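Understanding the architecture of this molecule
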Amino acid sequence: MRVPPSAEVTVRSPAKINLALSVGPPRPDGFHPVATVYQAVALYDDVTAVVRDDDATISVEVAGDFAADVPADATNLAVRAAQLLQAEYDVEEGVALTIRKTIPVAGGMAGGSTDAAATLVACNRLWGLQLSQTELQHLAGELGSDVPFCLVGHTALGRGRGEQVTEVMSRGTFHWVFAIAEGGLSTPAVYGELDRLRPLRRVEAPQVRPELLSALLSGRADALAVALSNDLQAAALSLRPELGDTLQFGLDQGALAAQISGSGPTCLFLAADSRSAVDLAVELAESGLCRMVRQAEGPVPGARVLPATVNR
Ligand code: ATP
């Protein structure tokens, strides 16, 4: 299907948090097997794709809160996603991508992965490829462990490297507050620190505790609070001990639970309701313990086209 040159598509894609992240011993290929429960939260990046039918170039511009921290070249995960589609389906057109970032970079919230997911959805529409969700999921898994989840969103169990996702039933809405730290943490460095911290311990195969799944089914924040877990937390705190003060501060201010998000350094807090979330966000913002504070509800859907901007 030929797409008019002026066609553009904007896709909105969420950040993720890990409600549980259980990490097994490293595999021979260097990856760690995980059992994780992801939740998509209402912090979004928007990726706009504009067709270039004069040549097959893929370009990217980055705007928004964290633009300076994101590469605007071929190492950008959004560019890699467009390149993968182009190569797999012999696409002759190019695309100009613009990413509007509001998700912290290298913050353990899958910002790059969600941009890749958004780009798959946008270019699928822009280039008229008509790939199914299953085909997109497969390509997403080649791009990164968290990319398949960013496509589907909501709440899901992730196995393998995290790329094998199945939906998890969850009731209601949870209220989260995020303390975004100065600087990022490299995901491979955090996994390396985990291996350093537990080299002699017999590490069990990763698994998700049934209490977490029951808490999600119940929709009760107090039940979820005691079921959260993250094997990477000790490693992230070992690399950035000051994050412990941020977690404790949130608990002292009434958060039901506090945890490092994924590989960190973002700290996440579960609040009892939206009002408590606002109060906690204000206290954290005034504490001087972090670079900025965000509030978001979850779960929300994965990468989706914004209808008002399609073929505008
Ligand atoms: P995860 O939670 O999946 O481990 P993260 O949230 O910790 O990821 P990202 O925000 O995805 O980390 O960024 C990791 C690195 O990827 C950054 O340091 C950045 O240089 C690079 N990167 C490449 N493309 C992007 C992108 N589109 N957005 C953000 N970072 C990107």
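Residues numbered from 1 in each chain as written. Predicted model: local features only at pLDDT ≥ 70, side-chain atom pairs only at ≥ 80, totals over all residues. Heavy atoms only, no water.

**Concerning helix α9 (residues 243-252)**
- For α9, the complete set of buried residues consists of L243, T246, L247 and G250. All buried residues of α9 fall inside an arc of 95° around its axis, so they share one side.
- Where α9 is buried, its residues contact β7 (174-180), α8 (233-239), β9 (257-260), β10 (267-271) and α10 (274-287).
- Of the residues one or two after α9, G254 is the one with positive phi, at around 105°. (Buried < 20%, exposed > 50% of the residue type's maximum accessible area, 1.4 Å probe, protein only. Helix = DSSP H or I, 4+ residues; strand = E, 2+ residues; numbered from the N terminus. Arc of directions from axis to C-beta. Contact = heavy atoms within 4.5 Å.)

**Points about the packing of helix α1 (residues 77-88) against helix α2 (residues 111-126)**
- One can describe the packing of α1 onto α2 by two numbers: an axis separation of 7 Å at closest approach and a directional angle of 35°. Of the two possible hands of crossing, α1 and α2 adopt the one that is right-handed. For the pair α1 and α2, the contacting residues are L77, A78, A81, A82 and L85 in the first and G112, S113, D115, A116, T119, L120, C123 and N124 in the second.
- Of the residues assigned to the contact of α1 with α2, the class counts are 8 nonpolar, 4 polar and 1 charged. (Axes fitted to C-alpha atoms, helices over the stretch in contact; angles between N-to-C directions. Left-handed = near helix turned anticlockwise from the far one by under 90°. Nonpolar A, V, L, I, M, F, W, Y, C, P; charged D, E, K, R; others polar.)

**What about the environment of E163?**
- Of note, E163 is situated in the loop between β5 (155-159) and β6 (164-167).
- Note on E163: relative accessible area 19%, which makes it buried.
- Each C-alpha atom, one on E163 and one on Y89, is 22 Å from the other, the two residues being 74 residues apart in sequence.
- If we skip the residues at most four places from it in the chain, E163 touches G141, S145 and P148.
- Within polar-contact distance, the side chain of E163 engages the side chain of Q164 at 3.5 Å. (Polar contact = N/O pair within 3.5 Å; in protein donor to acceptor, adjacent residues only side chain to side chain.)

**Describing the site of the ligand**
- Lining the immediate surroundings of the ligand are 22 residues, of which A106, G108, G112, D146 and T187 lie closest.
- In the model, a nitrogen atom of the ligand is placed 2.8 Å from a nitrogen or oxygen of the D115 side chain.
- Burial of the ligand by the protein chains amounts to 78% of its free accessible area of 620 Å².
- Taken together, the elements giving at least two residues each to the shell around the ligand come down to β4 (94-101) and α2.
- Looking at the shell around the ligand, the element that brings in the most residues is α2, giving 4 residues.
- Along the lines of polarity and charge, the residues of the shell around the ligand split into 9 nonpolar, 9 polar and 4 charged. (Near = heavy atom within 4 Å. Areas by Shrake-Rupley, 256 points an atom, 1.4 Å probe, with all protein chains shown as cover.)

**Concerning the UniProt feature "active site" (unreviewed entry) in the chain**
- Under the local residue numbering, the UniProt record ascribes the feature "active site" (unreviewed entry) to K16 and D146. These residues run over 131 residues, yet every pair of their C-alpha atoms falls within 8.6 Å of each other.
- For K16, a relative accessible area of 5% corresponds to the buried category.
- Ignoring sequence-local partners within four residues, the contact set of K16 consists of Y38, Q39, A40, G108, M109, A110, D146, F149, S261 and G262.
- At 2.6 Å, the side chain of K16 and the side chain of N18 are in polar contact.
- Residue position: D146 is located in the loop between α3 (133-143) and α4 (147-152).
- Those residues in contact with D146 that sit more than four places away from it in its chain are K16, Y38, A110 and S113. (UniProt positions renumbered as here; feature names shortened; annotations may be inferred.)

**With respect to a negative patch on the surface**
- Side chains of D273, D279, E283 and E286 sit close together on the surface and give a patch of like negative charge.
- Structurally, E286 is set in helix α10. (Patch = residues over 30% accessible without salt bridge, like charges linked within 9 Å, V, L, I, M, F, W, Y side chains within 5 Å. Salt bridge = Lys/Arg side-chain N within 4 Å of Asp/Glu carboxyl O. Lys, Arg positive; Asp, Glu negative; His and termini not counted. Charge placed at Lys NZ, Arg CZ, Asp CG, Glu CD.)

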